[in-house]
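# What the coordinates show
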Number of protein chains: 2
Amino acid sequence: MRREISCSLGRDALRQFASKNPVFVCVISYTATSEIPGITIAGAAPEMIQYTPPADAEFLYYGRCKCISSVPATPDGKPTPALITRTALRLGNIPFLVVDAGSKVKPSIPLISLDLKPGENIEMHDAMSLSDAERALDHGRTLGKQLAKLSDMVVIGESIPAGTTTALAVLVALGMDAKFKMGSSMPTNPHELKNKVVSTAIKRAGLKAGGVVSPLEAISMFGDPMMPALSGVAEGALSEGAKVMLAGGTQMAVALALLKMRGVSMRKLCVGSTTYIARDRTSDLPGLVKQIAPRVPLLYCGLRLDRSSKPGLRAFAEGFVKEGVGAGGASITAMMGPRKITGKKFLNALEKEYESSIEAAFKGKAGSL
Amino acid sequence: MRREISCSLGRDALRQFASKNPVFVCVISYTATSEIPGITIAGAAPEMIQYTPPADAEFLYYGRCKCISSVPATPDGKPTPALITRTALRLGNIPFLVVDAGSKVKPSIPLISLDLKPGENIEMHDAMSLSDAERALDHGRTLGKQLAKLSDMVVIGESIPAGTTTALAVLVALGMDAKFKMGSSMPTNPHELKNKVVSTAIKRAGLKAGGVVSPLEAISMFGDPMMPALSGVAEGALSEGAKVMLAGGTQMAVALALLKMRGVSMRKLCVGSTTYIARDRTSDLPGLVKQIAPRVPLLYCGLRLDRSSKPGLRAFAEGFVKEGVGAGGASITAMMGPRKITGKKFLNALEKEYESSIEAAFKGKAGSL
């Protein structure tokens, strides 16, 4: 087992997530909550944010984007974590599929559609109808069952802007202690703004924080379409006996809560992330996992990007971006999958990927249309 | 190797299509050519034809349809071959996915979209733009590559009404001897009508039969969106080293022609069908396969439906429906896959499926909306 990977519940818990034939699924989505100024930097400019999930999906397949002329980035040019994910999928020869759970812009790829609209801004409206949330869960489950017949481990990542804010709102609505624990793609985590959005949303819905709603109701009111879709894929795969890795940061707490409250067996479930979010001082992923599902291990992968010669890669180690598009989980899977990629080989490949895609794309047109 | 299965190139050629972990893909589509009166009976009434592909797809997943209240059927109540396909997939525990290549109505399932419009009526218009045909092929290939990493054999079926007519038009445009060789879901094969439609289409396009066009151009002018999508999945899977079975009847001749003309290695390719189409006296699937790709084996499966107690199943043996939704190929895969289903077990399960879905659904409302 690779020393680059840590596990909250020890090496034995880690070992069971080695995989012979993993499959990676990326759920892309959108919430208009991301349009609240200051809530996210998942785009080079505010009007670019809606392109980030589809551009991430295209980047996984092609190493470049089609819906934008560059690659997704923050306003100051920190690149998308899809760079890490793509490197992991290629090195590990890991097959992958992209699920569209209400992305506002559609990527030019073969795309698994769950027939969902983008999520509404939760300050003003319910995120989606309960029936849409139910369909997302149902269709996700149907898909997860099929994938479990093809693979011994289903790794599920996401790309949705402002997803930690909607996640916070759902967790608060369910009565959980999640404030000041959610991750952010910014080094200075805008907790106060997130808390304000959540308070406004809960007030708007006429609910008290922790008032009695089912988790799926909470998701339909305060969440986003990624949540039921991703949770459905996980539930379906688990129900067919596959291992499942929720590949992401603090947003995955919502999937954990939903699966737990639905009584799904979590024996073969883990969360897979990067050290950059697992050890982040501005958030508390380990605490969230422990609070909701103490027997679900949190795996996290040290990519040693602080040692990279590339400033855009070092930025991940300096508190920018940190996680997303299942970067940490995909890296763990590449290291623990049949090809057992070493950390050194990974960093080399990542730097090459950075040169061929990011450095090329960033020559003067970061994130432009 | 099961004695129910025959192979045009002998038992050795058959044996190589045993599979450890097959995956089934059904490509659903639509062509307005199906609106020409008398060209197809793939629907209980003309206005129902557009619902047949999505209803087939829903039937595979749920054993019932959501977009119609009954199940797809001919005007006199012969049921969809999806009945056979579903039985095969369940018995064989074969995972499956549905690809939407321009279906007019969308099924309520997780659906892999290739972003294609329904095909036009080829008597009046080109079926699709060349760029759409190219995208279908590209996206299909991208998908096929991923599936090949998950599975040692990709089995690809289709559901499109009037697909043998558009197939005839493409084959004629490419200069092949295909007239009077195409299959039909009717016992009295309307060859003359098909020939007339094809002549009209070729005249409309200002082309001579066999005039020089590339196969993809011929498909864009005279075919339907299923063709490049299905061929793309096959090409992508073959390129990654998987075995591929084109699961269907005479329509598969177009995929064979396209793959051959694109220089794709066909060493691991076969056509899988039912005896009802392979031995049909009103068409010539063996002759078409031999003409286009003499080294590609044609596998066909005897389901002994003539012995069934169910009139709707006996109808398949009496020249109705015969094939579709990859019924023959899925059956072969169930029999040659890891579970090695026997013919007897298959027929028993098929009759049970018939009772629980078809007999229940047909109580007074066959094919109604």
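The paragraphs below set out a description of the structure included in this document. No experiment lies behind these values; they were computed from the predicted model shown.

## Quick look at the packing of aromatic side chains
All names here are of chain A. Considering all chains together, one arrives at four aromatic pairs over all chains under this definition. Ring centres of Tyr 61 and Tyr 62 lie 6.2 Å apart, and the angle between their planes is 45°; this geometry places the pair in the tilted category. Accessibility expressed as a relative area gives 12% for Tyr 61, which makes it buried. For the ring pair Tyr 61 and Phe 96, a centre distance of 4.4 Å and an interplane angle of 40° mean the geometry is tilted. Within this pair, whereas Tyr 61 is found in helix 2 (residues 52-62), its partner Phe 96 is found in strand 3 (residues 96-101), the two being separated by 35 residues in sequence. One aromatic cluster is present, formed by Tyr 61, Tyr 62 and Phe 96 through successive ring pairs. Seen from the ring of Tyr 62, Lys 66 lies directly overhead, with NZ or CZ sitting 4.2 Å from the centre.

## Examining the packing of helix 9 (residues 252-261) of chain A against helix 11 (residues 285-292) of chain A
Residue and element names in this part refer to chain A. For the pair helix 9 and helix 11, the least separation of the axes is 10 Å and the interaxial angle reads 5°. The orientation of helix 9 relative to helix 11 falls into the category roughly parallel. Mapping the contact onto sequence places Ala 253, Leu 256, Ala 257 and Lys 260 in helix 9 and Leu 288, Val 289 and Ile 292 in helix 11. Per-class residue counts for the contact of helix 9 with helix 11 are six nonpolar, no polar and one charged.

## Details of the relation of the copies chain B and chain A
Superposing chain B onto chain A takes a rotation of 180° plus a shift of 0.0 Å along the axis, which leaves an RMSD of 0.0 Å. Put plainly, the chains are arranged around a two-fold axis. The rotation axis passes nearest to the C-alpha of B:Ile112 in chain B, at a distance of 2.0 Å. The overlap is high: 100% of the interface residues of chain B also sit at the interface in chain A, so the same surface is used on both sides.

## Some details on helix 2 of chain A
Helix 2 of chain A sits mainly inside the fold: 10 of its 11 residues count as buried. Those residues of helix 2 of chain A lying buried are A:Thr52, A:Pro53, A:Pro54, A:Ala55, A:Asp56, A:Ala57, A:Glu58, A:Phe59, A:Leu60 and A:Tyr61. Those residues of helix 2 of chain A that are buried lie in contact with strand 2 (22-29), helix 3 (82-91), strand 3, strand 5 (153-159) and helix 14 (343-361) of chain A together with helix 4 (130-150) of chain B. Of the residues trailing helix 2 of chain A, A:Gly63 is marked for its positive phi of about 75°.

## Looking at the pattern of salt bridges
Any two side chains of opposite charge can pair, given that their charged atoms come close. Inspection of every chain in the model, using the stated rule, returns 34 salt bridges over all chains. Between A:Arg135 and A:Asp132 there is a salt bridge, with the nearest N and O atoms lying 3.2 Å from each other. Of this pair, A:Arg135 and A:Asp132 both sit in helix 4 (residues 130-150), three residues apart, which is roughly one turn of the helix. What makes A:Arg135 partly exposed here is its relative accessible area of 21%. When its relative accessible area of 10% is taken as the criterion, A:Asp132 is described as buried. B:Asp132 is paired through a salt bridge with B:Lys117; the nearest N and O atoms lie 3.4 Å apart. Here B:Asp132 is found in helix 4, whereas its partner B:Lys117 is found in the loop between strand 4 (111-113) and helix 4, with 15 residues between them in sequence. Connected through shared salt-bridge partners, A:Asp138, A:Arg141, A:Glu235 and A:Arg262 make up one network.

## Focus on the interface of chain B and chain A
Contact residues are listed per partner, giving 24 residues for chain B and 24 residues for chain A. Taken over both partners, the interface formed by chain B and chain A buries close to 2,000 Å², and the fraction arising from carbon and sulfur atoms is 67%. Its largest share of buried area at the contact with chain A, chain B owes to B:Pro110, B:Gln146 and B:Leu150, together 29% of the area lost on that side. Counting across the interface, chain B meets chain A through zero salt bridges. If you look at where chain B meets chain A, you find eight residue pairs in polar contact (both at pLDDT 80 or more). Of all elements in the fold, only strand 2 (22-29), helix 2 (52-62), strand 3 (96-101), strand 4 and helix 4 of chain B reach the threshold of two or more residues within the side of chain B that touches chain A. The element contributing the most residues to the side of chain B that touches chain A is helix 4 of chain B, with seven residues. Residues belonging to the side of chain B that touches chain A are distributed by class as follows: 15 nonpolar, seven polar and two charged. Here strand 4 (residues 111-113) of chain A runs beside strand 4 of chain B; their pairing, made up of three bridges, is antiparallel. Paired with A:Leu111 across the bridge in strand 4 of chain B is B:Ser113.

The rules we used
- Residues numbered from 1 in each chain as written.
- Chains lettered and ligands numbered in written order.
- Predicted model: local features only at pLDDT ≥ 70, side-chain atom pairs only at ≥ 80, totals over all residues.
- Heavy atoms only, no water.
- Phe/Tyr/Trp six-rings, centres within 6.5 Å; stacked < 30°, edge-to-face > 60°.
- Buried < 20%, exposed > 50% of the residue type's maximum accessible area, 1.4 Å probe, protein only.
- Helix = DSSP H or I, 4+ residues; strand = E, 2+ residues; numbered from the N terminus.
- Lys NZ or Arg CZ within 6 Å of the ring centre and 35° of its normal.
- Axes fitted to C-alpha atoms, helices over the stretch in contact; angles between N-to-C directions.
- Parallel < 35°, antiparallel > 145°, perpendicular 65-115°, else oblique.
- Contact = heavy atoms within 4.5 Å.
- Nonpolar A, V, L, I, M, F, W, Y, C, P; charged D, E, K, R; others polar.
- Least-squares fit on C-alpha atoms with pLDDT ≥ 70 in both.
- Salt bridge = Lys/Arg side-chain N within 4 Å of Asp/Glu carboxyl O.
- Buried area = accessible area lost by both parts, 1.4 Å probe.
- Polar contact = N/O pair within 3.5 Å; in protein donor to acceptor, adjacent residues only side chain to side chain.
- Pairing = 2+ DSSP bridges.

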